[in-house]
Amino acid sequence: MSETLAATTAPTTARRATPRSYLMCRPDFFTVSYRINPWMHPQQPTDTALAVRQWQSLYDTFIGLGHDVQLIDPIDGLPDMVFAANGGFVIDNVAYGANFTYAERQPEGPAYMQWFGEHGFRVAEPKNINEGEGDLMLVGDTILAGTGFRTATESHREVADLYSREVVSLTLVDPNFYHLDTAIAVLDPLTGDHDANIAYLPSAFDEASRGILAERYPNAIHVSPEDAAVLGLNSISDGLNVVIAKRATGFEASLRERGYNPIGVDLSELLLGGGGVKCCTLELRK
Ligand code: ARG
């Protein structure tokens with residue numbers, strides 16, 4: 001088996017699923033026409049119809065698990081809009097808007113903010129560069145905030161003030177894992193016992209951040225580079241069911257050992273844009 005465990009296996013707690021509400025965007029206009037991360041190769045062809053079919057299987061999986069899925073209309077000319085996780089960060093019915101790093105994605109920020117405003121969320125306009133839930137992840141009452149490639153540390157402070165929650169900054173160092181949600185999976189934000197409630201790829205972080213993660217989450221699952229390289233960490237958990245990349249078989253086995261129910265989906269076409277399960281999904285916390 002390729003994955004390693006951070007510490008001796010913690011006592012198994014009964015995992016419990018809670019229904020979630022998600023926002024997704026059909027990849028009707030998905031393609032790779034520019035390069036803003038190492039996964040993207042604009043000269044290689046993409047199959048938009050296949051992307052839509054694969055995305056549909058993710059949507060159907062969430063519905064099958066009993067989750068609520070809202071949809072935002074895709075916009076022609078914004079091929080990355082399918083990666084809804086970057087559209088904002090929503091807690092307590094407050095949507096912190098995204099302010100994208102690269103010009104190619106900047107129009108997505110206002111589009112998502114408009115959706116939040118029209119669907120009953122209070123919208124907080126961002127003052128600093130941030131890519132939403134791609135770099136901002138809620139674990140229990142703590143917000144883990146990524147920086148290094150996209151989201152600016154100034155936005156971490158903005159988020160701390162906005163939500164009055166502890167924000168822990170983590171620095172990403174590997175360009176293949178440019179968003180926090182490609183390097184960390186939040187598995188069980190509801191239990192405070194630190195029993196495998198996150199999984200991560202240690203080598204994606206600088207030394208200081210690795211120290212912080214090891215101290216806070218001693219029983220985290222450490223995934224292998226092989227599983228991370230198929231964006232295995234880019235996953236969605238409801239506390240029991242964890243929707244992951246089908247090819248992340250080592251991570252799948254670790255999840256099973258820790259009492260989770262992994263469910264594999266194939267999003268190979270969207271991987272050409274550098275995104276996976278989590279990138280396609282924004283949690284709406286009301
Ligand atoms: N092509 C997109 C970008 O580079 C992919 C975004 C992936 N999203 C995520 N939450 N990791 O911005």
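Rules of the game
Per chain, the residues get numbers from 1 upward, laid out in the order the sequence is written. In view of the model being predicted, local features appear only for residues whose pLDDT reaches at least 70, and side-chain atom pairs are presented and counted only at 80 or more, with totals across whole chains, interfaces and linings using the full set of residues. Each side-chain value is worked out from all heavy atoms of the structure, with water and hydrogens disregarded. For helices the rule is a DSSP run of H or I covering at least 4 residues; for strands it is a run of E covering at least 2, with both sets numbered from the N terminus onward. Burial classes: relative accessible area under 20% of the type maximum marks a residue as buried, over 50% as exposed, and values in between as partly exposed (1.4 Å probe, protein chains only). In this description, the arc belongs to the directions extending from the helix axis to the C-beta atoms. Pairs of residues are marked as contacts when any of their non-hydrogen atoms sit within 4.5 Å. One heavy atom suffices: a residue is near a molecule or strand as soon as one of its heavy atoms comes within 4 Å of it. Each polar contact in these results corresponds to two N or O atoms within 3.5 Å; when the atoms are within protein, one needs to be able to donate a hydrogen and the other to accept it, and residues that are neighboring in sequence are counted only if both atoms are side-chain atoms. Only the protein chains shown count as covering a residue, and every accessible area follows the Shrake-Rupley method with a 1.4 Å probe. Note on definitions: the grid is 1 Å and covers protein atoms alone; a cavity is a set of points where a 1.4 Å probe fits but cannot get out; a pocket is an open set with protein on both sides within 12 Å along at least five of seven lines; lining residues have an atom within 4 Å of a point. Criterion for pocket placement: a molecule counts as inside a cavity or pocket if more than half of its atoms are within 2 Å of its grid points. Side-chain classes follow a simple rule in which Ala, Val, Leu, Ile, Met, Phe, Trp, Tyr, Cys and Pro form the nonpolar group, Asp, Glu, Lys and Arg form the charged group, and the remainder, Gly included, forms the polar group. Here the rule is simple: two strands pair whenever DSSP picks up at least two bridges between them. To define axes, lines are fitted to C-alpha atoms, for helices over the stretch in contact only, and angles between the resulting N-to-C directions are given on a 0 to 180 degree scale.

Chemist: Lay out unusual backbone geometry in plain terms, naming residues and giving numbers.
Modeler: Phi at N93 takes a positive value of approximately 65 degrees, unusual for a residue other than glycine. As for its position among the elements, N93 is in the loop between β4 (88-91) and β5 (94-97). The class for N93 is partly exposed, based on a relative accessible area of 26%. The backbone phi angle of L231 is positive, close to 55 degrees, even though this residue is not glycine. Inspection of the secondary structure assignment puts L231 in the loop between α5 (225-228) and β13 (236-237). Overall, L231 belongs to the buried group, its relative accessible area being 1%.

Chemist: Would you mind going over helix α6 (residues 249-257) in detail, with residue names and values included?
Modeler: Each turn of an α-helix holds 3.6 residues, which means side chains three or four residues apart point in the same direction. The complete set of buried residues in α6 reads G250, F251, S254 and L255. For α6, the buried positions fall inside an angular range of 140 degrees around the axis, keeping them on one side. Elements in contact with the buried residues of α6: β10 (184-186), β11 (198-200), β12 (221-222), α5, β14 (241-245) and β15 (261-265). Just downstream of α6 lies G259, where phi reads positive at about 90 degrees.

Chemist: Got a sec to walk through the site of the ligand? Specific residues and values, please.
Modeler: Taken together, 17 residues lie near the ligand, and N37, R105, D181, G273 and C279 sit nearest. Take R105: an N or O atom from its side chain is 2.7 Å from an oxygen atom of the ligand. Alone, the ligand offers 350 Å² of accessible surface; in the complex the protein occludes 100% of this. Assessed atom by atom at 2 Å from the grid points, the ligand resides in the second largest cavity. A per-class count over the shell around the ligand returns six nonpolar, seven polar and four charged.

Chemist: How would you explain the sheet that holds strand β3 (residues 68-71) if you had to name every residue and give the values?
Modeler: Reading across from one edge, β3-β2-β16 is the order of the three strands in this open sheet, with mixed pairing throughout. Among the strands making up the open sheet, the edge pair consists of β3 and β16 (282-283). Where strand β2 (residues 21-24) and β16 come together, two bridges link them in antiparallel fashion. If you follow Y22 over to β16, its bridge partner there is E283. Across the face of the sheet, helix α2 (residues 108-118) comes into contact with β2, β3 and β16 while running at roughly 140 degrees to β2.

Chemist: Residues and numbers for the sheet that holds strand β8 (residues 142-147), please.
Modeler: One open sheet accounts for three strands, arranged β7-β8-β9; its pairing is mixed. Each edge of the open sheet is held by one strand with a lone partner, namely β7 (136-139) and β9 (166-171). Here the average twist between neighbouring strands, direction ignored, is 25 degrees. Across six bridges, β8 lies against β9 in parallel orientation. Note on β9: the bridge partner recorded for L144 is V168. Across the sheet, helix α3 (residues 153-163) is in contact with β7, β8 and β9; its angle to β8 comes to roughly 165 degrees. Sitting on the sheet, helix α4 (residues 207-216) touches β8 and β9, and the angle it makes with β9 is about 130 degrees.

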